[in-house]
Amino acid sequence: MNIDRRSFFKLSAGAAALGTVGFRPVGGAAQDKRTIVVAWDTDIDTLDPAQFKAIGGYVTIANCYDTPIAWKVQPIKDKPGFSLSRPAEWDGAIAESWAAERDGATIVLKVRKGVKFPSGRPVTAQAIKYCFDRGLQSPGYMRLLFPSLIGVKSPDQFEVRDEHTFAMRMERPNPMAMDIIALSNNAMIDPDEVKPHATQADPWAAEWLKRNIAGIGPYRLVKNEPGAEIVLEATNGYWRPEPYFQKVVLKFVPNEADRVLLLKRKAIDMVVGRPGLSPKNVKSLEGEQGLKIFNVPDTTCHYLAMNGKRAPFNDVKVRQAINYAIPIQAIMPNVLFGYGTQMKSPLPHLTPGYSGNLSPYKYDIEKARQLMKEAGVKTPIPVKLAVRVGYVTHEQASVWLQRELEKIGFKVEIVKETDATFRQVAIKGDHELSIESWQSWVNDPWYHLNFLMHSRSKFTNASFYENPVLDKIIDESLAETNPERRLGSARVAQKIVIDDAVWGFLWYDSWTRVMKTDITGIEKRWDTFERYYAAKRT
Amino acid sequence: MGFGGYVVRRLLLVVPTLIGVTIISFALTHLLPGNPALVKAGPLATPEVVQEIERSMGLDRPLPVQYWRYVSGLLRGDLGESASTGRPVLEDFRQRVPATLELTLASLLVAIGLGVPLGVLSAVHRDSVLDHVSRVLGVGGVAMPSFWTGLLLLYVFFYLLGVAPPPLGRLAADVTPPPRLTGLTVIDAALAGHGGALLSALHHLMLPALTLGFAVMAPLTRMVRATMLEILESDYVKAAWAAGLPRRRVVYGDALRNALIPVITVLGVIFGFLMAGNVVVEMVYAWPGLGHYAVTALVTKDPGPIQSFVLFVAVMYVFVNLAVDLLYGLADPRIRLR
């Protein structure tokens, strides 16, 4: 092993040359126009439409499976190339039309004729029944949502009237029914393809559907390499006109700084995910040549959960005091950089029935101190404020909260927990203060309040709020069909929650996507996950 | 006992080590706070659903039973399932281990290729500018966190100069991957005689390997420099000088050969640094290896991947140390293997 100085330098020079010469410049050059490349940081956890938890699973399912009906999207004024869904508007999909019977207690879907599964078999009312039966009886979301929200408890309530007519009979009319049907969990799977994989122990072939897609949708999954990339390709012979993007490449890029550099270098078309970019980074990309930002208000709620089962948070005065001590006027510009909206109600501001004028809370440290005094608690009160590791906005907001809460007599220790720990501690009731977030897939006040404020929602009512009066209102309103009464009682419920200061009200996210300027046709639906069918490159 | 017997004995000693490792990795996942069933159940779960998942994951059984299930699964090649990818852990490992190994080996080459010459040169030209530069580089490599070096290199070579590829994997998007034999893209491409893929693979490996190699280079350089200095002062080198042998032959022939022996020892240590550094560097370059997989598993407390990762690293350690011992015996005949 003889390395002299000269040959060492020759070698290094050679290595350096290898690095720089002989490679064409990279970044956006030789890309196929009809391929879209996006970066995110999620994998497919499962392809079972009843069970996915990860965004990767959800987005793949939403693009590879149609639903019987879908949330309608409409262009937004002043934002060409972008569309949004609006409350109570749907489009036909596999079902070309729908009708109500028994005053809305039965919903009848007319299956579109001539639609075929990739296997060549026609899509029929029997197929819809299979999907709904499966949802109701296999482990997953629909087994919970069908009975608890719209009173569908038995598969007999799903009825095939003829080859192209399917009916869902609920106990009572329910205004949430259409939104529940539009959920991606009701993916159109091909029963004949799935059934052979069912076993005694696994009658709904959950094991097989975890790793396979068997149904109809605009795209099909051609590659799934966790931690690297997911590739979707347009389905041949799809019943709608073929999408502009023949190929969707979803690249796994775990580091946010990389995602920023990739965008700036135009090596990718868009960053997606929740959140794919923190507000600070979105802000830094404002005005960047060749990029554009799509930014609309959204329904994701971020709030300070105060454990009502523990002193001193069982005292309403203390909870109110905290609401007066939240430095929201500092958090909005310094943590969210304007990409968010101040929360003034437990309901999202885009949800029907939202009342933005009920909350008296604003930053007023004197008033907060006064309330603490009235509560008569002995200060300083040591308290732990829990946030999840990697939730950038929560981590930053916790520091702002800490400073202000210490002014009114708390001694705040910020505790950072992993997802698994955070959930476990939360459910055991061992959090004192914690920053939680929630997004309701169904944009309905009672869906939202049922999960977050009802005393029976043990896992999601993070403040452990227990109020029989509110419980009763929620129970009565879940199926209330009279719009005036439905929204009127929403106002009453919001007043109760606000007066009781169940949460420290923080903010609603904005839905932001940063992309190259030639990308258009981006749509945001209630579930916040993009479908690439309508996306285009100009 | 001969060389063969020594190897067999060392290999047999691996067994109790591995049993210990399985116990530790198992205990570790159970000592960590957090309930994986809750993560798996998702936000809308009810207590009944969580119990059902706990049952299906076997979390409701007594710990010794769970341990036995884990070990007996291990013997059948069943490492459990990953909650984040929904696939058997073994399948995930098959996909990711080659990426990690490729990066590790390439970084080792970088570390040796840069570290050894630097060490030699700074010993020969002691206290010269070159020695100081090497010292600064060494300290810098240790002091600068690799996520920072990585980002810096990306910023300069990818973003500013555009000579490095985007951090989007191991090959350019328009290059057909070579047929998979070893899973190490560079080697597969070379074996297939696929020049385009080979260049692209090297191109993509360049910055990550440099980042990681740079971070672990320092101990190597310092070790080579120190032994080299010692040897250059030794009697036989002085004798060689006195005998009028050419400088080059003395330094690079006699001295260097002997200075390289301790390097073998350091390799074991460096390998440890590399495994730890991998996690960070893979994050920065979106390198699809085990690093990010292990981190995700830790955050969601996913038992299968965590236990398998710990086991994998332990096995690697055991074999690298064995290899170091064997190499040492071969390189230095004074050392007897018993």
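As the structure is a computational prediction, the values presented were derived from the model and not from experiment.

Before going further, it helps to spend a moment on helix H3 (residues 125–137) of chain A. Residue and element names in this part refer to chain A. Here H3 contains 13 residues, and its C-alpha end-to-end distance of 18 Å stays within 8% of the 18 Å for a straight helix at 1.5 Å per residue. Across the 13 residues of H3, ten count as buried, placing the element largely inside the fold. All of the buried residues in H3 are Ala-125, Ala-127, Ile-128, Tyr-130, Cys-131, Phe-132, Asp-133, Arg-134, Gly-135 and Leu-136.

Inspection of the secondary structure puts His-394 of chain A in helix H13 (residues 392–407). The class of His-394 of chain A is buried, set by a relative accessible area of 0%.

For chain A, per-residue confidence averages 91 on the pLDDT scale, and 94% of positions sit at 70 or higher. For the stretch residues 1–29 of chain A, pLDDT sits under 50, and the model shows 36 contacts to residues farther than four places along the chain or on other chains.

Before going further, it helps to spend a moment on the pairing of strand S3 (residues 79–92) of chain A. All names here are of chain A. Across seven bridges, the pairing between strand S2 (residues 69–76) and S3 is antiparallel. The residue bridging Ala-70 from the neighbouring strand is Asp-91, located in S3. Taken together, S2 and the strand that follows it, S3, pair antiparallel across an intervening segment of two residues, in which Asp-78 is found at a positive phi of about 70°. Pairing analysis gives three bridges linking S3 to strand S19 (residues 522–524), with the strands arranged parallel. Across the sheet, the residue bridging to Ser-83 is Glu-523, located in S19.

Our focus in this paragraph is the sheet that holds strand S7 (residues 165–169) of chain A. All names here are of chain A. The antiparallel open sheet is built from four strands, whose spatial order is S4-S5-S7-S6. Two strands bound the open sheet, and with one partner strand each, they are strand S4 (95–101) and strand S6 (158–162). When strand polarity is set aside, the average angle formed by the axes of neighbouring strands in this sheet is 25°. Relative to S7, strand S5 (residues 106–111) runs antiparallel, the two sharing five bridges. Bridged to Val-108 within S7 is Ala-167. Across the face of the sheet, H3 comes into contact with S5, S6 and S7 while running at roughly 175° to S6.

On to the interface of chain A and chain B. With 55 residues of chain A in contact, the opposing surface of chain B contributes 61 residues. When chain A packs against chain B, close to 5,000 Å² is buried across both sides, 66% of that on carbon and sulfur atoms. The interface formed by chain A and chain B includes three salt bridges. Residue Arg-143 of chain A pairs with Glu-52 of chain B through a salt bridge whose shortest N-O separation is 3.4 Å. Viewed at the interface, chain B and chain A are joined by eleven residue pairs in polar contact (both at pLDDT 80 or more).

As a further point, take unusual backbone geometry. Residue and element names in this part refer to chain A. Backbone torsion omega between Ala-311 and Pro-312 reads 0°, so that peptide bond is classified as cis. Positionally, Pro-312 belongs in the loop between strand S12 (291–306) and helix H10 (316–325). Even without glycine at this site, Asp-103 takes up a positive phi of about 60°. On the secondary structure map, Asp-103 appears in the loop between S4 and S5. Residue Asp-103 is classed as exposed on the basis of its relative accessible area, which comes to 77%. The phi angle at Ala-501 is positive, at roughly 45°, despite the residue not being glycine. Checked against the element boundaries, Ala-501 lands in the loop between helix H17 (483–499) and strand S17 (503–516).

Attention shifts here to the environment of Lys-495 of chain A. Residue and element names in this part refer to chain A. Examined against the element boundaries, Lys-495 turns out to sit in helix H17. Among the residues examined, Lys-495 registers a relative accessible area of 40% and is labelled partly exposed. A sequence separation of 143 residues divides Lys-495 from Pro-352, and the C-alpha atoms of the two residues are 15 Å apart. A distance of 2.7 Å separates the side chain of Lys-495 from the side chain of Asp-499, its partner in a polar contact.

Our focus in this paragraph is helix H8 (residues 185–192) of chain B. Residues and elements named next belong to chain B. When we look at burial in H8, the residues that qualify are Thr-185, Val-186, Asp-188 and Ala-189. Here the buried residues of H8 occupy an arc of 165° about the axis, which is enough to place them on one side. Along its buried surface, H8 packs onto helix H5 (89–124) and helix H9 (195–232). Positioned one or two residues after H8, Gly-193 has a phi angle of 65°, which is positive.

Quick look at the sheet that holds S19 of chain A now. Residues and elements named next belong to chain A. A sheet is described by the order of its strands in space; here three strands give the open sequence S2-S3-S19, paired in mixed fashion. With one partner strand each, in any of the chains shown, S2 and S19 form the two edges of the open sheet. Sheet twist, expressed as the average angle between the axes of neighbouring strands with direction ignored, equals 35°.

What follows concerns the packing of aromatic side chains. For any two aromatic rings, the description comes down to two numbers: the centre-to-centre distance and the angle of the planes. Residue and element names in this part refer to chain A. Here the structure, examined in full by the defined rule, presents 31 aromatic pairs over all chains. The interplanar angle of 70° and the centroid separation of 5.3 Å between the aromatic rings of Phe-132 and Phe-166 together place this pair among those described as edge-to-face. Within this pair, whereas Phe-132 is found in helix H3, its partner Phe-166 is found in strand S7, the two being separated by 34 residues in sequence. No difference in accessibility class separates Phe-132 from Phe-166, as the two residues are buried. An aromatic cluster is present here, built from Phe-52, Tyr-58, Tyr-141, Trp-441 and Phe-529 joined pairwise through their rings. Taking the ring centre of Tyr-244 as reference, the NZ or CZ of Arg-34 above it sits at 5.2 Å.

Before going further, it helps to spend a moment on the nonpolar core. In this structure, Phe-146, Met-168, Phe-410 and Tyr-532 of chain A are the most contacted members of the largest nonpolar core, which totals 149 residues. Ignoring anything within four residues of it in the chain, the contact list for Tyr-532 of chain A reads Ile-36, Val-38, Val-59, Asn-63, Tyr-219, Val-248, Leu-250, Met-270 and Val-272 of chain A. Ala-39 and Tyr-339 of chain A together with Val-120 and Leu-229 of chain B belong to the second largest nonpolar core, which has 70 residues in total.

Rules behind the numbers
- The numbering scheme is per chain: residues are counted from 1 as the chain's sequence reads.
- Starting at A for chains and at 1 for ligands, labels are handed out in the order in which the entities are written.
- A pLDDT threshold of at least 70 governs which residues receive local features in this predicted model, and a stricter bar of 80 or more applies before side-chain atom pairs are shown or counted, although totals over entire chains, interfaces and linings include all residues.
- Values reported for side chains reflect all heavy atoms of the structure, with hydrogen atoms and water molecules removed beforehand.
- Only runs of H or I of at least four residues qualify as helices and only runs of E of at least two qualify as strands under DSSP, and these elements are numbered from the N terminus.
- Helix span, as expected, comes to 1.5 Å for every residue beyond the first.
- Any residue under 20% of the maximum accessible area for its type is buried, any over 50% is exposed, and the rest in between are partly exposed; the area is computed with a 1.4 Å probe on protein chains only.
- Note on scores: pLDDT gives the predictor's confidence for each residue, bounded by 0 and 100.
- A contact between two residues is defined here by any heavy atoms of the two lying within 4.5 Å.
- Strand pairing follows a simple DSSP-based rule, namely that at least 2 bridges must link the two strands.
- To get an axis, fit a line to the C-alpha atoms, keeping to the stretch in contact for a helix; angles then go from 0 to 180 degrees between the N-to-C directions.
- Summed over both partners, the accessible surface that disappears when two parts come together, traced with a 1.4 Å probe, is what is meant by buried area.
- What makes a salt bridge here is a side-chain nitrogen of Lys or Arg within 4 Å of a carboxyl oxygen of Asp or Glu, nothing more.
- Polar contacts, as counted here, are pairs of nitrogen or oxygen atoms within 3.5 Å of one another; within protein the pair requires one atom able to donate a hydrogen and one able to accept it, and residues that are adjacent in sequence qualify only if both atoms are side-chain atoms.
- Think of it as the arc spanned by the lines of direction from the helix axis to the C-beta atoms.
- To pair, rings of Phe, Tyr and Trp, with the six-membered ring standing in for Trp, must have centres within 6.5 Å; the planes then decide the type, stacked if under 30 degrees apart, edge-to-face if over 60, and tilted in the middle.
- The rule is short: NZ of Lys or CZ of Arg within 6 Å of the ring centre and within 35 degrees of the ring normal puts a charge over the ring.
- For our purposes a nonpolar core is just a set of buried Ala, Val, Leu, Ile, Met, Phe, Trp, Tyr and Cys residues, chained together by side-chain atoms within 4.5 Å.

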